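Structural overview
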Amino acid sequence: MSILLIVVFVGCLIYHTYTDLKEMLLYDWVNAILAVSGIGYAYLETSLLDAAYGFVVGLVIMLGIYLISRGGLGEGDVKLTPCLGLWLGFENTLVALLLAFVIGAIIGLAYMRLRNKKMDFAIPFGPFLCLGALISFFYGNELLNLYWNYII
């Protein structure tokens, strides 16, 4: 059963990446699938409490950024992140967000440099959230161990 839920998770991330790159939209119905399957995965494999913490931390961080940036971040990104938090739990949601921001900044700066752009263009952030979530889901614990053991 868990493998089926993981396939749903990865499929939703791929679909979100495609639609955000093509249409700059993250669909609520895909988030609903992510949320329901994430709750199921947490119930079967991890912890519902950790999933709830992941949901809350994802929502608080992204809603705060959305409000501070005054629309510089899309509402779809704010809705997606708590759904990812259900899958990832508290710590791995933080890892996923850090990865998304770092990868997004690197690619955004490279795009600006290559295209001679100023700061007045939009790049969809959903694909970076999805990539960060995917890396965090499969390697988040290893990245955290690496951080705590070797960097600090």
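Residues numbered from 1 in each chain as written. Predicted model: local features only at pLDDT ≥ 70, side-chain atom pairs only at ≥ 80, totals over all residues. Heavy atoms only, no water.

1. Some details on the overall build of the protein chain
We count it as follows: Put simply, DSSP marks the helices as runs of H or I at least four residues long and the strands as runs of E at least two long, and each gets a number from the N terminus on. Only protein chains enter the accessibility calculation, which uses a 1.4 Å probe; a residue whose area is less than 20% of its type maximum is buried, one above 50% is exposed, and one in between is partly exposed. What makes two residues a contact is simply this: any of their non-hydrogen atoms within 4.5 Å. Per-residue and other accessible areas were derived by the Shrake-Rupley procedure at a 1.4 Å probe size, with only the shown protein chains allowed to occlude residues.
When helices and strands are tallied, the protein chain shows five helices and zero strands. Here the protein chain holds 152 residues, and the buried ones make up 39% of them. Partitioning the intrachain contacts of the protein chain with sequence separation of at least 6 by distance along the chain shows that 75% fall at a separation of at least 24. Split by element, the accessible area of the protein chain, about 9,100 Å² in all, is 69% carbon and sulfur.

2. A short note on the pattern of salt bridges
Counted only if it meets this: Every case where a carboxyl oxygen of Asp or Glu lies within 4 Å of a side-chain nitrogen of Lys or Arg is listed as a salt bridge.
Taken as a whole, this structure holds one salt bridge when the rule is applied. Here Asp 28 ties to Lys 79 by a salt bridge, and the two come within 3.3 Å at their closest N and O atoms. On the criterion of sequence distance, the pair formed by Asp 28 in helix 2 (residues 28–45) and Lys 79 in helix 4 (residues 75–115) is long-range, its members being 51 residues apart. Classification of Asp 28 as partly exposed rests on a relative accessible area of 43%. According to the relative accessible area criterion, Lys 79 is partly exposed, its value standing at 38%.

3. Side note on helix 1 (residues 2–23)
Where we set the bar: A helix is expected to span 1.5 Å for every residue after the first. The directions from the helix axis to the C-beta atoms are what the arc is built from.
In this model helix 1 runs 31 Å from its N-terminal to its C-terminal C-alpha over 22 residues, within 8% of the 32 Å that 1.5 Å per residue would give. Among all positions of helix 1, only Ser 2, Leu 5, Ile 6, Phe 9, Cys 12, Leu 13, His 16, Thr 19 and Asp 20 are buried. Each buried residue of helix 1 sits inside an arc of 165 degrees when the element is viewed along its axis, so together they form one side. Projecting away from the buried face of helix 1 at angles above 90 degrees are the exposed residues Ile 3, Leu 4, Val 7, Ile 14, Leu 21 and Lys 22.

4. Examining the layout of surface pockets
Our working definition: Lining residues are those with an atom within 4 Å of a point, where the points come from a 1 Å grid over the protein atoms alone and group into cavities, where a 1.4 Å probe fits but cannot get out, or pockets, open sets with protein on both sides within 12 Å along at least five of seven lines. Grid points are joined across faces, edges and corners, and a volume is the space filled by probe spheres set on the points. The residue classification treats Ala, Val, Leu, Ile, Met, Phe, Trp, Tyr, Cys and Pro as nonpolar and Asp, Glu, Lys and Arg as charged. All others, Gly included, are polar.
For the largest pocket, the calculated volume is near 640 Å³. Per-element accounting of the lining of the largest pocket gives the leading share, nine residues, to helix 4. By volume, the second largest pocket amounts to about 210 Å³. In this structure, the second largest pocket is lined by Glu 91, Leu 94, Val 95, Leu 98, Leu 99, Leu 143, Leu 144, Tyr 147 and Trp 148. Every element with two or more residues in the lining of the second largest pocket is listed here: helix 4 and helix 5 (126–151). Top element by residues in the lining of the second largest pocket is helix 4. It accounts for five residues. Grouping the amino acids of the lining of the second largest pocket by side-chain chemistry returns eight nonpolar, no polar and one charged.

5. Things to note about unusual backbone geometry
Even without a glycine there, the phi angle at Met 24 is positive, about 55 degrees. Residue position: Met 24 is located in the loop between helix 1 and helix 2. Met 24 sits in the partly exposed class, given a relative accessible area of 45%.

6. With respect to the state of the cysteines
To keep things clear, this is the line we draw: Two cysteine sulfur atoms form a disulfide, by the criterion used here, when they sit within 2.5 Å.
In this structure the tally under the stated criterion is zero disulfides. Cys 130 forms no disulfide, and the closest cysteine sulfur to it belongs to Cys 12, at a distance of 9.2 Å.

7. Some words on the environment of Gly 40
By secondary structure assignment, the location of Gly 40 is in helix 2. What makes Gly 40 partly exposed here is its relative accessible area of 22%. Each C-alpha atom, one on Gly 40 and one on Ile 61, is 24 Å from the other, the two residues being 21 residues apart in sequence.

8. Quick look at helix 2
Its 18 residues give helix 2 an end-to-end C-alpha distance of 25 Å, which sits within 8% of 26 Å, the value for a rise of 1.5 Å per residue. For helix 2, the full list of buried residues reads Val 30, Asn 31, Leu 34, Ala 35, Ser 37, Gly 38, Tyr 41 and Ala 42. The secondary structure elements touched by the buried residues of helix 2 are helix 1, helix 3 (48–69), helix 4 and helix 5.

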